[in-house]
Amino acid sequence: MTTGDRMAAMPENRRNASGAEAEDEGAPTASSTPSRSVLVTGGNGSLGRVLRGALPTLGWQVRTLDLGEPAGAASDAVVGSITDLDTMRRASAGMDAVVHLGGIASPDAGWDEALEVNIHGTRTVLEAARLERVERVVLASSNHAVGYQARGSDDLPADVRVRPDSFYGISKAALEALGSFYADEYGLEVTALRIGQCQERPSDLRALAIWLSFPDFVRLTHAALVSPWSGFSTVWGVSRNTQRWWSLDAGERIGFHPEDDAEIYASDFTGDQPRHVGGTAPPYGADQAG
Ligand SMILES: NC(=O)c1ccc[n+]([C@@H]2O[C@H](COP(=O)([O-])OP(=O)(O)OC[C@H]3O[C@@H](n4cnc5c(N)ncnc54)[C@H](O)[C@@H]3O)[C@@H](O)[C@H]2O)c1
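Residues numbered from 1 in each chain as written. Predicted model: local features only at pLDDT ≥ 70, side-chain atom pairs only at ≥ 80, totals over all residues.

1. Observations regarding the overall build of the chain
Alright, step 1. The helix and strand inventory of the chain stands at eight helices and seven strands.
Alright, step 2. Here the chain, with 290 residues, has 47% of them falling under the buried criterion.
Alright, step 3. Counted over contacts in the chain with a minimum sequence separation of 6, partners at least 24 positions apart contribute 68%. (Helix = DSSP H or I, 4+ residues; strand = E, 2+ residues; numbered from the N terminus. Buried ≥ 20, exposed ≤ 12 C-beta atoms within 10 Å, placed from the backbone. Contact = placed C-beta atoms within 7 Å.)

2. Some remarks on the site of the ligand
Alright, step 1. Neighbouring residues of the ligand: 24 residues in total, closest Gly42, Gly45, Gly102, Ala105 and Ala140.
Alright, step 2. At the level of secondary structure, the elements contributing two or more residues to the shell around the ligand comprise α2 (46-54), α4 (111-131) and β5 (136-142).
Alright, step 3. Per element, the largest residue contribution to the shell around the ligand is three residues, and it comes from α2.
Alright, step 4. Taken together, the residues of the shell around the ligand sort by class into nine nonpolar, 14 polar and one charged. (Near = placed C-beta within 6 Å. Nonpolar A, V, L, I, M, F, W, Y, C, P; charged D, E, K, R; others polar.)

3. Here's the deal with the pairing of β5
Alright, step 1. By the criterion of burial, β5 is predominantly enclosed, with seven of the seven residues buried.
Alright, step 2. Taking every second residue as pointing to the same face, both faces of β5 are buried, with Arg136, Val138, Ala140 and Ser142 on one and Val137, Leu139 and Ser141 on the other.
Alright, step 3. Bridging between strand β4 (residues 97-100) and β5 involves four bridges; their strand directions are parallel. Of the residues in β5, the one forming a bridge with Val99 is Val138.
Alright, step 4. Crossover handedness for the path β4 to α4 to β5: right-handed.
Alright, step 5. Across seven bridges, β5 lies against strand β6 (residues 189-195) in parallel orientation. Of the residues in β6, the one forming a bridge with Ser141 is Arg194.
Alright, step 6. In terms of handedness, the path from β5 via helix α5 (residues 167-186) over to β6 forms a crossover that is right-handed. (Pairing = 2+ DSSP bridges. Right-handed = clockwise from strand over helix to strand, strands pointing away.)

4. Considerations on the nonpolar core
If you look at soluble globular proteins, the nonpolar side chains tend to sit buried side by side.
Alright, step 1. In terms of nonpolar packing, the biggest core is built from 71 residues, with Val38, Ala97, Val98, Val137 and Leu193 touching the most fellow members.
Alright, step 2. If we ignore the near neighbours within four places in the chain, the residues touching Leu193 are Val138, Leu139, Ala140, Ser141, Leu220, Ala224, Val235 and Gly237. (Core = buried A, V, L, I, M, F, W, Y, C linked by C-beta atoms within 7 Å.)

5. Here's the deal with the sheet that holds strand β2 (residues 60-66)
Alright, step 1. Taken together, the seven strands give an open sheet; going across it, the order is β3-β2-β1-β4-β5-β6-β7, and neighbouring strands pair in parallel fashion. Each edge of the open sheet is held by one strand with a lone partner, namely β3 (77-79) and β7 (232-237). Shown here is a sheet whose adjacent strand axes are inclined to one another by a mean of 20°, direction ignored.
Alright, step 2. In the sheet, β2 pairs with β3 via three bridges, with the strands oriented parallel. Paired with Asp66 across the strands is Val79, a residue of β3.
Alright, step 3. Packing of helix α3 (residues 85-92) onto the sheet brings it into contact with β1 (36-41), β2, β3 and β4, and relative to β3 it is tilted by some 175°.
Alright, step 4. Against the sheet, helix α7 (residues 214-226) touches β1, β4, β5, β6 and β7, its axis set at about 140° to β5. (Axes fitted to C-alpha atoms, helices over the stretch in contact; angles between N-to-C directions.)

6. Observations concerning unusual backbone geometry
Alright, step 1. One non-glycine residue, Arg133, lies in positive phi territory at about 60°.
Alright, step 2. Tracing the chain through its elements places Arg133 in the loop between α4 and β5.

7. Considerations on the environment of Gly255
Alright, step 1. Residue position: Gly255 is located in the segment after α8 (249-253).
Alright, step 2. Residue Gly255 is classed as buried on the basis of its C-beta count, with 23 C-beta atoms lying within 10 Å.
Alright, step 3. Distance in space between the C-alpha atoms of Gly255 and Trp229 is 9.3 Å, their sequence separation being 26 residues.

8. Things to note about the packing of α4 against α5
Between two packed helices, both the angle of their axes relative to each other and the distance between the axes serve to describe the pair.
Alright, step 1. Direction vectors running N to C along α4 and α5 enclose 20°, while the axes themselves pass 9 Å from each other. Relative to α5, the element α4 lies roughly parallel. Crossing geometry of α4 relative to α5 is assigned as right-handed. For the pair α4 and α5, the contacting residues are Trp111, Ala114, Asn118, Ile119, Thr122, Arg123, Leu126 and Arg130 in the first and Phe167, Tyr168, Ile170, Ser171, Ala174, Leu175, Leu178, Gly179, Tyr182 and Tyr186 in the second. (Parallel < 35°, antiparallel > 145°, perpendicular 65-115°, else oblique. Left-handed = near helix turned anticlockwise from the far one by under 90°.)

Here it is as structure tokens:
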């Protein structure tokens, strides 16, 4: 799917004079996109299940890939590892886009699994996309890629210095670097979603600032899939939370306009918000913003 195809697929009323999506749109609807195919890695996981349910209602034909069979109704599913190039090529063949969610999702991941599954796995996903001529890849990054960043006086931009707080965070910083490289070197269109906490509802005080609701996660992924922009970009995956301190600017540039606010759960939690992106301060190192 070329950028021209993607723009042609958008109704006129979703585009402004420069071809960008209109600012006043609501949630995406099925009529806003043609039927396109997308591979979702990690399709059996918590966010994969959200996309399996939502993307078909937005006009996407979804194929999933995961280590095991998906539960529930029969679906287009490939069983295998993101670290295996043959498997990834087979899964990616004929796809218009890939959403890469698969891997180790824990900040407690050890180095070996972070390296093999998250770093080598992401490189394999991108390499398979390149070889199979998939034009667009959306990568699930994490706030832990910049977890040791401290809060400043302004909202934190998405292009802040890489400052991982764990081996998991390093693997997500590498994921972003790999996406940038494949965009620059091979012309893939890549968006890295630097997700805060994406759960049905916020689980702790910190999440009042960093929560990404499931509907906003769908809005974000859909925006990254259909945006007329090309190249590489990193955007914060965060809802329009009252206590948010991560900038929405980069997301808005790709057409992500979050609607939910964790504040409706504020009475569930008390205390002071952590001052660092990942929730803890670095034991060493300057505690400056930027
Ligand atoms: N949920 C969040 O709050 C959150 C926050 C930040 C980043 N993320 C990122 O979003 C992505 C999805 O998160 P999630 O919450 O759905 O995680 P999850 O653990 O629920 O799902 C991950 C899926 O990846 C699969 N997987 C693991 N290794 C694999 C391999 N080698 N090959 C193929 N599949 C493999 C697992 O079987 C699982 O189904 C992850 O990359 C995670 O790091 C999530």
